[in-house]
Amino acid sequence: MRILLVEDTHDVGEAICRRFETIGHTVDWETDGRAASEILGFTDYDLVILDVMLPGMDGFEILRRLRQARNTVPVLVLTARSEIDDRVGALDLGADDYLVKPFDFRELEARARVLMRRRAGGEATNIIACGDVTLDRANRNVRVGKREVTLKRREMTLLEILASRPGRVFSKEELLDQLFGFEEAAGPNAIELYVGRLRKKLEGAKARIVTVRGIGYQLVSDATP
């Protein structure tokens, strides 16, 4: 999904971006705390990964302002501080989870998956299913019945968005926000292109992408109840 990473240590930030982009997520990376707080005022995210020690404004203040604005985006706090008071403080301010540096990137990914599952509706599993289409968010693979389907990164992300809420209509603008970051120029035609590619790869499935004219796209199941 779309993630805001707020981290001023460049090697850590680059590694986190690379890991999440490789598995299909869009990551906006900001190194300044004040700038990140401003971005959160006008951009919707599925997850915020927030360092504590930042120039401009520290992570605790960003978190405090975020929750004061009634923004409920999941926040995973990264801290080099192991003191219990700091961890309790982050949770009391509204953090959903935390990791103490140094951490294993596999654990970061797993914790992010849990938070994004909650964001999408509280599923307790990494498996999303619609009709006979199943997507494993942990292993990043897709099956139509028993047939494995190979999807490219953005095709996978598009399917994950649509399949996480079958029947919900997503506008082109919503999908653009999810699939592309600030630095990637893309227009509505790009969404049509990816929808067309994904439809071809899901041919024969008991689920299909429906165009709701003038509104957007939805994934619906053709499976018999």
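Model, not experiment: these values are computed from the prediction.

Visitor: Which residues make up the overall build of the chain, and what values go with them?
Guide: Scanning the chain from terminus to terminus reveals eight helices and 12 strands. Here the C-alpha atoms of the chain give a radius of gyration of 18 Å, agreeing with the 17 Å that 2.2 N^0.38 yields for 225 residues. Expressed as lengths along the three principal axes of its C-alpha atoms, the size of the chain is roughly 55 × 30 × 30 Å. Counting the 225 residues in the chain, one finds 47% classified as buried. By sequence separation, contacts in the chain at least 24 residues apart represent 56% of the contacts at least 6 residues apart.

Visitor: Provide a residue-level description of the packing of helix α6 (residues 153-164) against helix α7 (residues 172-179), including the pertinent values.
Guide: Their axes nearest at 10 Å, the elements α6 and α7 cross at an angle of 130°. Considered as vectors, α6 and α7 are oriented oblique to each other. Here α6 and α7 pass one another in a crossing that is right-handed. Only Leu175, Gln178 and Leu179 of α7 make contact with α6, whose side of the interface consists of Arg154, Thr157, Leu158 and Ile161.

Visitor: So what's going on with the pairing of strand β4 (residues 75-79)? Which residues, and what values?
Guide: Most of β4 sits inside the fold, with five of its five residues counted as buried. Examined bridge by bridge, strand β3 (residues 47-51) and β4 share four bridges and lie parallel to one another. Across the sheet, residue Leu50 finds its bridge partner in β4, namely Val77. Between β3 and its parallel partner β4, the chain crosses via helix α3 (residues 59-68), and the hand of that crossover is right-handed. Examined bridge by bridge, β4 and strand β5 (residues 97-100) share four bridges and lie parallel to one another. Among the inter-strand pairings, Thr79 is bridged to a residue of β5, identified as Val100.

Visitor: Lay out the nonpolar core in plain terms, naming residues and giving numbers.
Guide: Core analysis: the largest hydrophobic core is formed by 48 residues, its most contacted members being Ile16, Ile49, Leu108 and Leu159. The leading source of residues in this core is α6, at six residues. Here Leu159 is in contact with Val133, Leu135, Val142, Leu151, Leu198, Leu202 and Leu219, once residues within four sequence places are set aside.

Visitor: Quick one: what's the story with the pattern of salt bridges, residue by residue and with numbers?
Guide: Per the counting criterion, the structure on display carries 17 salt bridges. Among the salt bridges present, the one from Arg111 reaches Glu107, with a minimum N-O distance of 2.8 Å. Taken as a pair, Arg111 and Glu107 lie in helix α5 (residues 105-120) at a separation of four residues, close to a single helical turn. With its nearest N and O atoms 2.4 Å apart, the salt bridge here joins Glu192 to Lys172. Within this pair, whereas Glu192 is found in helix α8 (residues 188-201), its partner Lys172 is found in helix α7, the two being separated by 20 residues in sequence. On the basis of relative accessibility, which here comes to 38%, the residue Glu192 falls in the partly exposed class. Each member of the salt-bridge network shares a partner with another, and the members are Arg2, Asp28 and Asp177.

Procedures and definitions
- Going along each chain's sequence as written, the residues are numbered from 1 onward.
- Only residues with pLDDT of at least 70 are given local features in this predicted model, and only at 80 or more are side-chain atom pairs given and counted; all residues enter the totals for whole chains, interfaces and linings.
- The side-chain numbers reported here are obtained from all heavy atoms of the structure, hydrogens and water having been left aside.
- Only runs of H or I of at least four residues qualify as helices and only runs of E of at least two qualify as strands under DSSP, and these elements are numbered from the N terminus.
- As a reference, a globule follows 2.2 Å times the number of residues to the power 0.38, and the radius of gyration itself is taken over C-alpha atoms.
- Only protein chains enter the calculation, and the probe is 1.4 Å; a residue is then buried if its accessible area is under 20% of its type maximum, exposed if over 50%, and partly exposed in between.
- By the convention used here, residues are in contact when the closest approach between their heavy atoms is within 4.5 Å.
- Inter-axis angles, ranging from 0 to 180 degrees, are taken between N-to-C directions of lines fitted to C-alpha atoms, where helices are fitted over the stretch in contact.
- Any angle between 65 and 115 degrees counts as roughly perpendicular, while under 35 counts as roughly parallel, over 145 as roughly antiparallel, and the rest as oblique.
- What makes a crossing left-handed is the near helix being turned counterclockwise from the far one by less than a right angle; a clockwise turn instead makes it right-handed.
- Strand pairing follows a simple DSSP-based rule, namely that at least 2 bridges must link the two strands.
- The handedness of a crossover follows from its direction of travel: if, with the strands pointing away from the viewer, the path from the first strand over the helix to the second runs clockwise, the crossover is right-handed.
- Nonpolar cores are built from buried Ala, Val, Leu, Ile, Met, Phe, Trp, Tyr and Cys residues. Side-chain atoms within 4.5 Å join them into one set.
- We define a salt bridge as a side-chain nitrogen of Lys or Arg found within 4 Å of a carboxyl oxygen belonging to Asp or Glu.

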